[in-house]
Amino acid sequence: MRLTTLAAALSVFVVASADAKTVLITGSNSGIGLEFAKQYASKGWDVIATHRRSAAPESLSALHGQYPNLIHIETMDVTNHEQIDALATKLEGTAIDVLISNAGITGDFRNPAPQSFGTLDYDQWENFMRINALGGLKVAEAFVNHVKASEDKTIVSISSLAGTFGFKGPTMPGGYWYKSSKATLNMYVKVIASDLKKDGVIIASLSPGQVKVEKMGDVSFPGLIEPQESISGMISVIEGLTLEDSGTLFSYDGSQHPF
Ligand SMILES: NC(=O)c1ccc[n+]([C@@H]2O[C@H](COP(=O)([O-])OP(=O)(O)OC[C@H]3O[C@@H](n4cnc5c(N)ncnc54)[C@H](OP(=O)(O)O)[C@@H]3O)[C@@H](O)[C@H]2O)c1
């Protein structure tokens, strides 16, 4: 039995030890964020699982039921700067080893028109930028002292190869707002890396691959992977990051990509 599976089976007995590490995850109630929360809890980490809903989402309540001592549910809409600052204040004194900026939107892939040349809906651009790009920037700024106080001092932003010039593989057609917001996020990561190198803080962009999350329903296409594979790969990448890697982009399989 793999170690993570064994830990999951025994999850009810998993209690954070005094020297347990802490991860904060944005947008953790579904898809990639939820799987990060599950896998870090199964490793015995303290998980600050944030969401933007008016009440705790069922997915997180269920996970809290499984790991009552490890899962800490908090509300944080990454476009609401007051809410971000309030949570940072509430958590003052808590060291955050790994800060995962995961919250993001892709757009409705069943209706690509608003992000396709010729039918672009310009009103959508600001929403994409405020969530996918500015959200991660503001969260990094608000929680930087929590990260600096930790052992691992690591921030990662869940990005996409679709937001790079270097990627030559297939990406979704159009996707103007999604791709440009992820490209902006990648550039922020590069600039933050340079600003925080002196403090020993590592920040990297991570591409999760094409991951089959709940919102995709029964859609299937070649190359789609399960969340378990993507997230266990990204956790391995996070564990291997050094200061020399700061400001760069890795795929979940450990390959590094130019911007
Ligand atoms: N799945 C893929 O193949 C893939 C590929 C490349 C990159 N990504 C990136 O991976 C990240 C997670 O996406 P996913 O595929 O797991 O989709 P998902 O299941 O829709 O998860 C997105 C999460 O972000 C949250 N969110 C959206 N806007 C937010 C806001 N303003 N404040 C706080 N949380 C917010 C959502 O909350 P609600 O439930 O309340 O909407 C949800 O929890 C995104 O950044 C996405 O761009 C995914």
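Calculation notes
Residues numbered from 1 in each chain as written. Predicted model: local features only at pLDDT ≥ 70, side-chain atom pairs only at ≥ 80, totals over all residues. Helix = DSSP H or I, 4+ residues; strand = E, 2+ residues; numbered from the N terminus. Rg over C-alpha atoms; globule rule 2.2 N^0.38 Å. Buried ≥ 20, exposed ≤ 12 C-beta atoms within 10 Å, placed from the backbone. Contact = placed C-beta atoms within 7 Å. Near = placed C-beta within 6 Å. Nonpolar A, V, L, I, M, F, W, Y, C, P; charged D, E, K, R; others polar. Axes fitted to C-alpha atoms, helices over the stretch in contact; angles between N-to-C directions. Parallel < 35°, antiparallel > 145°, perpendicular 65-115°, else oblique. Left-handed = near helix turned anticlockwise from the far one by under 90°. Core = buried A, V, L, I, M, F, W, Y, C linked by C-beta atoms within 7 Å. Pairing = 2+ DSSP bridges. Right-handed = clockwise from strand over helix to strand, strands pointing away.

Q: Sorry if this is basic, but what is going on with the overall build of the protein here?
A: Regarding its fold elements, the protein presents seven helices and eight strands. A globule of 259 residues ought to have a C-alpha radius of gyration of about 18 Å, and the protein, at 18 Å, matches this closely. Considering only C-alpha atoms, the protein reaches an extent of 55 × 45 × 35 Å along its principal axes. Out of the 259 residues belonging to the protein, those deemed buried represent 41%. Sequence separation of 24 or more characterises 72% of the internal contacts of the protein that already satisfy a separation of 6 or more.

Q: Help me understand the site of the ligand in this model?
A: If you check the shell around the ligand, you find 25 residues, and the closest are G27, G31, I32, A103 and G104. At three residues, helix α2 (residues 31–42) tops the list of elements feeding residues into the shell around the ligand. The class makeup of the residues in the shell around the ligand is nine nonpolar, twelve polar and four charged.

Q: Any chance you could explain the packing of helix α5 (residues 125–148) against helix α6 (residues 176–196) here in plain terms?
A: Angle between the axes and distance between the axes are the two parameters that describe a pair of packed helices. At their nearest, the axes of α5 and α6 sit 8 Å apart, and the two run at 20 degrees to each other. Overall, the two elements α5 and α6 adopt an arrangement that is roughly parallel. In the packing of α5 onto α6, the handedness of the crossing is right-handed. Residue-level inspection shows W125, F128, M129, N132, A133, G136, L137 and A140 of α5 in contact with α6, the latter providing W177, Y178, S181, K182, T184, L185, Y188 and I192. Considering only residue class, the contact of α5 with α6 consists of eleven nonpolar, four polar and one charged.

Q: Looking at this model, I keep getting lost on the environment of H81. Mind explaining?
A: With respect to the secondary-structure elements, H81 resides in helix α4 (residues 81–90). On the basis of neighbour count, H81 is assigned to the partly exposed category, with 15 C-beta atoms found within 10 Å. For the pair H81 and K182, spaced 101 residues apart in sequence, the C-alpha separation works out to 20 Å.

Q: What is the right way to read the nonpolar core from this model?
A: Across soluble globular proteins, you tend to see nonpolar side chains buried next to one another. Counting residues in each nonpolar core, the largest one holds 60 residues, and the members touching the most others are A37, V47 and F143. If you tally residues by element for this core, the top one is α5, at nine residues. In this view, A37 contacts I25, S28, V47, A49, L63 and I71; residues no more than four positions away in its chain are not counted.

Q: What should I look at first to understand the sheet that holds strand β2 (residues 46–51) in this one?
A: Strands in a sheet are paired, the pairing made by backbone hydrogen bonds, and the direction either parallel or antiparallel. Ordered in space as β3-β2-β1-β4-β5-β6-β7-β8, the eight strands form an open sheet in which the pairing is mixed. The open sheet is flanked by β3 (71–75) and β8 (256–257), the only strands paired with a single partner. Here strand β4 (residues 98–101) pairs with strand β5 (residues 154–158) via four bridges, running parallel. By the bridge assignment for β5, L99 is matched with I155. Along the sheet, α6 contacts β5, β6 (202–207) and β7 (249–251); its crossing angle with β6, the most-contacted strand, is approximately 160 degrees.

Q: Where do I start with the packing of α4 against α5 in this structure?
A: For the pair α4 and α5, interaxial distance at closest approach is 9 Å and the crossing angle is 25 degrees. As far as their axial angle goes, α5 and α4 are roughly parallel. The handedness of the crossing between α4 and α5 is right-handed. Here H81, I84, D85 and A88 of α4 lie close against α5, whose contacting residues are K138, V139, A142 and F143.

Q: In this structure, what is going on with the pairing of β3? I would like to understand it.
A: Direction of pairing for β2 relative to β3: parallel, over a ladder of five bridges. Bridge pairing in β3 links I48 to H72. One crossover worth recording links β2 to the parallel β3 by way of helix α3 (residues 58–66), and it is right-handed.

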